[in-house]
Amino acid sequence: MKPFVEITQVKKKIDNFHLGPINLTIEPGTITSLVGNNGSGKSTLMKLMMNLANTDSGSINLFNQNVSGDEEQWKSFVSYQSQKMIGWDAFTGENLKCFIAPLYEHWDEQLFQRIVEHFAIPLNQRFSKLSQGSQQKLTLALTIPRNTPLLLLDEPTAYLDIPAKTHLMDILVEWMDQGERSIIIASHQIEDIKKLSDYLFVLRNGEMIGNFEKEALTERYKRYWLRSELTESSIPGEVFRDRVQVVSNHPKETEHYLQEKGLQWTNQSSLDLEEIITLLLSPTR
Amino acid sequence: MQLPIHLSNESREPIYHQIEHQLKALIASGHIQAGTALPSIRGLAKDLEISVITIRRAYQNLEYQGFIETKQGKGTFVCDIEDALKQQVKINSVYETIERSIETAMSYNYTIEQIEEIFHNILMSYKKGE
């Protein structure tokens, strides 16, 4: 199977902000979380993928087509939910569905109705009159049933209540199970990242930190409690220290060093994904 | 269906192995009957907060060993494993558990003789308990 997305050496400068160089490949059947601080370039990357902004250099291919090229077939294979839906305010949910559904060959009306019913979305009210949570629910109801192989979601759960978040995860899991599909999701919600993602693509202030498989990341970090404080300024693998506590992202090297120096640790533990993300995104690493 | 699988990040055993072993134990002990539909790979990935890559690896190993089978378009089902195989799984899991505790003791620098004594003491206390 060919990858759905191939991003190669992409760079983009907006005022003082530099994004990239970005390299990212998305395979069918995977969910990738875009993780980063506010303003790290997640939304910009999605806009570049949708050709809503131009790259300064590098290339983005979706379904083997360059997104800034003349051919536009790739557009029918992607659904994109941005943080703000422009031009929707004056229309009701019913209106919007009538505009959107005919554009998508594989539109799933049943799924749309199910989401609307479950989330109790009022379809007869103007988009602008809905609460932020309801707007987000309606946007999801109008995005997921398009049934395109690739789904791009920019902060889809920021305003959702807890039951809605849980239900959305079930919907997305079921949606993924129906074929060769992939999701790219930008989110600050740790639950989304833990429960949905296979890969974490980490951005820090426009810089690509890496694309990590979830377990590879959690298995890589270990915390040690030493018998006494270290005198060395830095030891192999160390990424964080607080008195007798040392965190390493190369546990083998760290243990080897400690053993060689005859330094003992009283306890060791793994790190939570939240802590790992915080370490990856902290400016002084 | 939610499966009673509990993963430990602290264990030296890789996650896919833990899933594989616990599913085998659930099948061998009859907790999950033959013919039962297992959660989809994506569904189990969500429940256990593990990537599909890891779950797929565990499912593939179990399928290869004949514990489960995937029917195209229908899902993954528990196979009817023979009694002999069930016995073997039980014995293996007992051996593995004991081996793991010996490894733990050895990592604390206990000698074989000391470990023998510990085992002896534990067994004696069980005998007395009867």
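Residues numbered from 1 in each chain as written. Chains lettered and ligands numbered in written order. Predicted model: local features only at pLDDT ≥ 70, side-chain atom pairs only at ≥ 80, totals over all residues. Heavy atoms only, no water.

Draft legend 1. Looking closely at the domain arrangement of chain A. Residue and element names in this part refer to chain A. Once the domains are mapped, chain A shows domain 1 (5-216) and domain 2 (221-280). Between domain 1 and domain 2, the residue contacts involve ten residues of the former and five residues of the latter. If you look at where domain 1 meets domain 2, you find one salt bridge. A salt bridge links Lys194 to Asp272; the shortest N-O distance between them is 3.6 Å. Where domain 1 meets domain 2, there are one residue pair in polar contact (both at pLDDT 80 or more). Broken down by secondary-structure element, the contributors of at least two residues to the side of domain 1 that touches domain 2 are helix H6 (190-196), strand E9 (199-204) and strand E10 (207-213). (Domains from an automatic or database assignment. Contact = heavy atoms within 4.5 Å. Salt bridge = Lys/Arg side-chain N within 4 Å of Asp/Glu carboxyl O. Polar contact = N/O pair within 3.5 Å; in protein donor to acceptor, adjacent residues only side chain to side chain. Helix = DSSP H or I, 4+ residues; strand = E, 2+ residues; numbered from the N terminus.)

Draft legend 2. Geometry of the UniProt feature "domain: HTH gntR-type" (unreviewed entry) in chain B. Taking the numbering used here, the UniProt-annotated feature "domain: HTH gntR-type" (unreviewed entry) corresponds to residues 13-81 of chain B. The distance from the first to the last C-alpha atom of residues 13-81 of chain B is 25 Å, and the span holds 51% helix and 14% strand. (UniProt positions renumbered as here; feature names shortened; annotations may be inferred.)

Draft legend 3. Broad picture of a nonpolar patch on the surface. All names here are of chain B. On the surface, a nonpolar cluster with roughly 580 Å² of combined accessible area is contributed by Tyr108, Tyr110, Ile118, Ile122 and Tyr126. Relative to the assigned elements, Tyr108 resides in the loop between helix H4 (83-107) and helix H5 (112-129). Given the relative accessible area of 58%, Tyr108 is considered exposed. (Patch = residues over 30% accessible without salt bridge, like charges linked within 9 Å, V, L, I, M, F, W, Y side chains within 5 Å. Areas by Shrake-Rupley, 256 points an atom, 1.4 Å probe, with all protein chains shown as cover. Buried < 20%, exposed > 50% of the residue type's maximum accessible area, 1.4 Å probe, protein only.)

Draft legend 4. Fine view of helix H5 (residues 162-176) of chain A. Residues and elements named next belong to chain A. With 15 residues, H5 ought to run about 21 Å at 1.5 Å a step, and its terminal C-alpha atoms sit 21 Å apart, in line with that. Taken as a whole, H5 has its buried residues at Ala164, Lys165, His167, Leu168, Met169, Ile171, Leu172, Val173, Trp175 and Met176. Two or three places before Ala164, at the start of H5, stands the capping residue Asp161, its side-chain oxygen 2.9 Å from that residue's backbone nitrogen. (Expected span 1.5 Å × (residues − 1).)

Draft legend 5. Quick peek at the UniProt feature "domain: ABC transporter" (unreviewed entry) in chain A. Cross-referencing UniProt, the feature "domain: ABC transporter" (unreviewed entry) maps to residues 2-230 of chain A in the present numbering. Along residues 2-230 of chain A the backbone is 30% helical and 29% strand, and the end-to-end C-alpha distance reaches 50 Å.

Draft legend 6. Focus on the interface of chain A and chain B. Between chain A and chain B, the residue contacts involve 23 residues of the former and 15 residues of the latter. Both faces combined, the contact of chain A with chain B buries some 1,500 Å², and carbon together with sulfur accounts for 43% of it. There are three salt bridges connecting chain A and chain B. Summed over the shared surface of chain A and chain B, the result is ten residue pairs in polar contact (both at pLDDT 80 or more). Elements supplying a minimum of two residues to the side of chain A that touches chain B: H5, H6, helix H7 (214-220) and strand E14 (265-270) of chain A. Classifying every residue of the side of chain A that touches chain B gives six nonpolar, six polar and eleven charged. (Buried area = accessible area lost by both parts, 1.4 Å probe. Nonpolar A, V, L, I, M, F, W, Y, C, P; charged D, E, K, R; others polar.)

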